[in-house]
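# Reading the structure
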Amino acid sequence: MKYSNIILYFGLLTTLFSCGFEETEEEALINGYYIGWNDSEANRNIYTKLYALI
């Protein structure tokens, strides 16, 4: 039972952290706009960065 719990925890941690280390890049455009992509340039998005003032 003890070894099966260790294997279960290891599998869970591997699943949770396997997608978190993708390659992410962004480039600044004009007027506060950015172009960014994850893993490949085919997944490009244009966006602005909004900051909440509290």
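That block above? That's the structure.
Residues numbered from 1 in each chain as written. Predicted model: local features only at pLDDT ≥ 70, side-chain atom pairs only at ≥ 80, totals over all residues. Heavy atoms only, no water.

## A word on the sheet that holds strand S3 (residues 45-48)
Read from one edge to the other, the open sheet built from three strands follows the order S1-S2-S3, with strand pairing classed as antiparallel. Edge positions in the open sheet fall to strand S1 (24-28) and S3, since each of these has one partner strand only. Neighbour-to-neighbour, the strand axes of the sheet open up by a mean angle of 30°, direction not taken into account. Pairing of S1 with strand S2 (residues 33-38) involves five bridges; the strand directions are antiparallel. By the bridge assignment for S2, Thr 24 is matched with Asn 38. (Pairing = 2+ DSSP bridges. Helix = DSSP H or I, 4+ residues; strand = E, 2+ residues; numbered from the N terminus. Axes fitted to C-alpha atoms, helices over the stretch in contact; angles between N-to-C directions.)

## Remarks on the packing of aromatic side chains
The tally for this structure, following the rule as stated, stands at one aromatic pair. Their ring planes at 20° and their centres at 6.0 Å tell us that Tyr 34 and Tyr 47 sit as a pair that is stacked. With Tyr 34 in strand S2 and Tyr 47 in strand S3, this pair connects stretches of sequence that are 13 residues apart. Residue classification places Tyr 34 among the partly exposed residues on the basis of a relative accessible area of 23%. Residue Tyr 47 is classed as partly exposed on the basis of its relative accessible area of 28%. When the ring centre of Tyr 34 is taken as reference, the NZ or CZ atom of Lys 49 above it lies at 4.6 Å. (Phe/Tyr/Trp six-rings, centres within 6.5 Å; stacked < 30°, edge-to-face > 60°. Buried < 20%, exposed > 50% of the residue type's maximum accessible area, 1.4 Å probe, protein only. Lys NZ or Arg CZ within 6 Å of the ring centre and 35° of its normal.)

## So, the pairing of S3
Pairing analysis gives four bridges linking S2 to S3, with the strands arranged antiparallel. Paired with Gly 36 across the strands is Asn 45, a residue of S3. Where S2 folds back on S3, the antiparallel hairpin that results is connected by six residues, among which Asp 39 adopts a positive phi of roughly 70°.

## Focus on a nonpolar patch on the surface
Together, Leu 29, Ile 30, Tyr 33 and Ile 46 give the surface a local cluster of nonpolar side chains, amounting to about 440 Å² of exposed area. Locating Leu 29 in the fold gives a position in the loop between S1 and S2. (Patch = residues over 30% accessible without salt bridge, like charges linked within 9 Å, V, L, I, M, F, W, Y side chains within 5 Å. Areas by Shrake-Rupley, 256 points an atom, 1.4 Å probe, with all protein chains shown as cover. Salt bridge = Lys/Arg side-chain N within 4 Å of Asp/Glu carboxyl O.)

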